[in-house]
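Results of the structural survey
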Amino acid sequence: MFETSKSATLYDRAKKVMPGGNTRHTVFRQPHQVYALRGHGCRITDIDGDDRIDAVGNFTALIHGYGSERIREAARRQIDAGPCFGMATEGEIRLSEMLCERLPSVELLRYTNSGTEAVMNAIKVARAFTGRSRFAKCEGAYHGTYDPAETSQEARPESWGEIDNPASVPTAKGTPQGVLDDVVVIPFNNTPVAEAILRAKGNSLAAVLVDVMPNRAGLVPAKPEFLQMLRRVTRELGALLILDEVITFRLGYHGAQGRFGVDPDLTTLGKVIGGGFPIGAIGGRREVMSVFDPTIGSPAVPHGGTFSANPMSMMAGIAALEDLTPVSFEHLESLGELFDAGIGDCFRRHGIEGQVTGLGSLRRMHLSNAELTDFRSTFAAGDGPKRVAALARSLFDEGVIIAANGLMAFSTAMTPDDIQEIIDAFDRALPKAFSKE
Ligand code: PMP
């Protein structure tokens, strides 16, 4: 059929000026990208006038959807005052006060423009603080695109190595061997194996970087004994524990650390704390964060950034947190529970093997009933990730946006009726996803 949509026309233009017409792989679609026009409530209208429920909210960043008047008003006021300055602003103090009040382990904070930069700085802090260069991360976990933090997410099982000694596998071609050698890879949720690997590296480790519910490794919650082991062993080895809460901060008023009872040395943040504007943050114990302190001589970790702590992100972030109350968390939990009940019925009705992982307002779809504990079991489930990607495409056609890997994030802009609409779309999309095989 001859393609005449406005998105197709725009994509033809895009291909002339961007590689493959794309500037963000996570939003790439074939035969062409679909271009957003505006968001409203929990929905996006695209440039061709089609409306869809946004059930991933810019990859979990938009916890209030597009509906918060408080955020819009804060952003409008700030843009009138000036979008950014080569000076500090009061907003950075207020946002820090709010985050320190919520996160029990965070005494001091500092801002970046993305979660990637927050993780990069956390690793630099750990290195400066301990004088060691190596750090450990969990296999399959995504922490942004800083070279060492993006290792071991490769989708080719032949590159993974043995489970008791997972390889440090590059994600981008050309990653220097020296970078890979500095990364120790541990299997998520496999407490005895991970402990043995960490102990074998002994006191060469600056830090262990962990996300308690890593999306790309399955969105499976960490087992309590796994997290307890990481805390105990890092203390014994003199390494720092870095908790990546770029996504999981949205799991509760006190973040994932409150929900899981973890006491990290450093926390990385991003996404929801910017109210829809670019942001990242790194926070932690006073003693550790002092590597940034410019009042005690030349800082051990220099850190600037033209847009770091920019007032648009600060003010929108404050507004987003003001709207993120214990009551809104209860609402998000109830949406998650409604979804679980509805999707379970849906799988049964169609006789399709499937399950969802996740907690709070986060979910990930898996088309398999296999037990999922980590990256390897998730990758193998349901014949690999292709089927879920087909389901995401069918859902898009049925009016619901989820990530290609099945990730979903509910927002405070959603009602139980919206969840029902999502379930109804699954009802139509599930059989189609299988028939397209
Ligand atoms: N850490 C985690 C756990 C993430 O999920 C992400 C992004 N999805 C990042 C870090 C990187 O954040 P950003 O995309 O803002 O660079």
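Residues numbered from 1 in each chain as written. Predicted model: local features only at pLDDT ≥ 70, side-chain atom pairs only at ≥ 80, totals over all residues. Heavy atoms only, no water.

This is how the line gets drawn: UniProt positions are given in the numbering used here, feature names are shortened, and annotations may be inferred rather than shown by experiment.
As annotated in an unreviewed UniProt entry, the protein chain is Aspartate aminotransferase family protein from Paracoccus saliphilus. Quoted straight from UniProt, the Sequence similarities (unreviewed entry) entry for the protein chain says "Belongs to the class-III pyridoxal-phosphate-dependent aminotransferase family." Per UniProt, the comment on the protein chain under Cofactor (unreviewed entry) is "pyridoxal 5'-phosphate".

1. A few points about the site of the ligand
So the rule is basically this: Each residue is tested against the molecule or strand, and it is near if at least one of its non-hydrogen atoms lies within 4 Å. Residues adjacent in sequence count toward polar contacts only when both atoms are side-chain atoms; beyond that, a polar contact is any pair of N or O atoms within 3.5 Å, and within protein one must be able to donate a hydrogen and the other to accept it. Note on areas: Shrake-Rupley with a 1.4 Å probe; residue coverage comes only from the protein chains shown. When residue character is reported, Ala, Val, Leu, Ile, Met, Phe, Trp, Tyr, Cys and Pro are called nonpolar, Asp, Glu, Lys and Arg charged, and the others, Gly included, polar.
Around the ligand sit Ser-114, Gly-115, Thr-116, Tyr-142, His-143, Gly-144, Asp-211, Asp-244, Val-246, Ile-247 and Lys-271, and that is every residue in its neighbourhood. Residue Gly-115 places a main-chain N or O atom 2.8 Å away from an oxygen atom belonging to the ligand. One nitrogen or oxygen atom from the side chain of Thr-116 is found 2.7 Å from an oxygen atom belonging to the ligand. Its free accessible area being 390 Å², the ligand has 81% of it covered by the protein chains. Its residues assigned to classes, the shell around the ligand shows three nonpolar, five polar and three charged.

2. Comments concerning helix α4 (residues 90-102)
Helical geometry: 3.6 residues make up each α-helical turn, so side chains three or four residues apart lie on a common side. The cut-off we apply is this: Comment: elements are numbered from the N terminus, with helices defined as DSSP H or I runs of at least four residues and strands as E runs of at least two. What a helix is expected to span follows from its residue count: subtract one and scale by 1.5 Å. What makes two residues a contact is simply this: any of their non-hydrogen atoms within 4.5 Å.
The end-to-end C-alpha separation of α4 is 19 Å, in line with the 18 Å expected for 13 residues at 1.5 Å each. Considering only its buried residues, α4 is in contact with β4 (108-112), β9 (266-270), α11 (311-322) and α12 (326-350).

3. Quick word on the nonpolar core
The condition is simple: Nonpolar cores were defined as sets of buried Ala, Val, Leu, Ile, Met, Phe, Trp, Tyr and Cys residues, with membership established by side-chain atoms within 4.5 Å. Accessible area is worked out with a 1.4 Å probe on protein chains only. A residue is then buried under 20% of its type maximum, exposed over 50%, and partly exposed in between.
In terms of nonpolar packing, the biggest core is built from 39 residues, with Ile-186, Leu-198, Val-212, Phe-226 and Leu-230 touching the most fellow members. At the level of elements, β5 (134-138), β6 (183-186), α7 (191-201), β7 (205-210), α8 (224-237), β8 (240-244) and β14 (407-409) are the ones that each hand at least two residues to this core. Examining the composition of this core, we find that six residues originate from one element, α8, more than from any other. Among the nonpolar cores identified, the runner-up in size contains 28 residues, and Cys-346, Ile-419, Ile-422 and Ile-423 belong to it.

4. Regarding the sheet that holds β14
Stated formally: A pair of strands is treated as paired once DSSP finds two or more bridges between them. Fitting a line to C-alpha atoms yields each axis, with helices limited to the stretch in contact; the angle taken between N-to-C directions then spans 0 to 180 degrees.
Spatially, β11-β12-β14 is the arrangement adopted by the three strands of the open sheet, whose pairing is antiparallel. The open sheet is flanked by β11 (355-357) and β14, the only strands paired with a single partner. Taking each pair of neighbouring strands and ignoring which way they run, the sheet shows an average axis angle of 30°. Inspection of the sheet shows β11 paired to strand β12 (residues 362-366) by three bridges, in the antiparallel sense. By the bridge assignment for β12, Gln-355 is matched with His-366. Contacting β11, β12 and β14, α12 runs over the sheet at an angle of about 10° to β12.

5. Section: the packing of aromatic side chains
Stated formally: Stacked, edge-to-face and tilted labels apply to pairs of Phe, Tyr and Trp rings (six-membered ring for Trp) whose centres lie within 6.5 Å, assigned for plane angles under 30 degrees, over 60, and everything in between, in that order. Only Lys NZ and Arg CZ are tested; either one counts as a charge over a ring when it is within 6 Å of the ring centre and within 35 degrees of the ring normal.
For the structure shown, the criterion picks out six aromatic pairs. Judged by centre distance (5.0 Å) and plane angle (50°), the ring pair of Trp-160 and Phe-375 falls under tilted. A residue pair is termed long-range when its members are at least 10 positions apart, and Trp-160 in the loop between β5 and α6 (177-181) and Phe-375 in helix α13 (residues 375-380) qualify at 215 residues. What makes Phe-375 buried here is its relative accessible area of 6%. Here Trp-160 and Phe-379 contribute two aromatic rings whose centre-to-centre distance is 5.3 Å and whose plane-to-plane angle is 85°, an arrangement assigned as edge-to-face. Of the two residues, Trp-160 sits in the loop between β5 and α6 while Phe-379 sits in helix α13, which places them 219 residues apart along the sequence. Look at Trp-160 and you get buried, because its relative accessible area is 7%. An aromatic cluster of at least three residues, connected via ring pairs, comprises Trp-160, Phe-375 and Phe-379. Residue placement shows Arg-52 over the ring face of Phe-396; its charged tip is 3.8 Å from the ring centre. Here the guanidinium or amino end of Arg-216 rests over the ring plane of Tyr-142, the centre of that ring lying 3.7 Å away.

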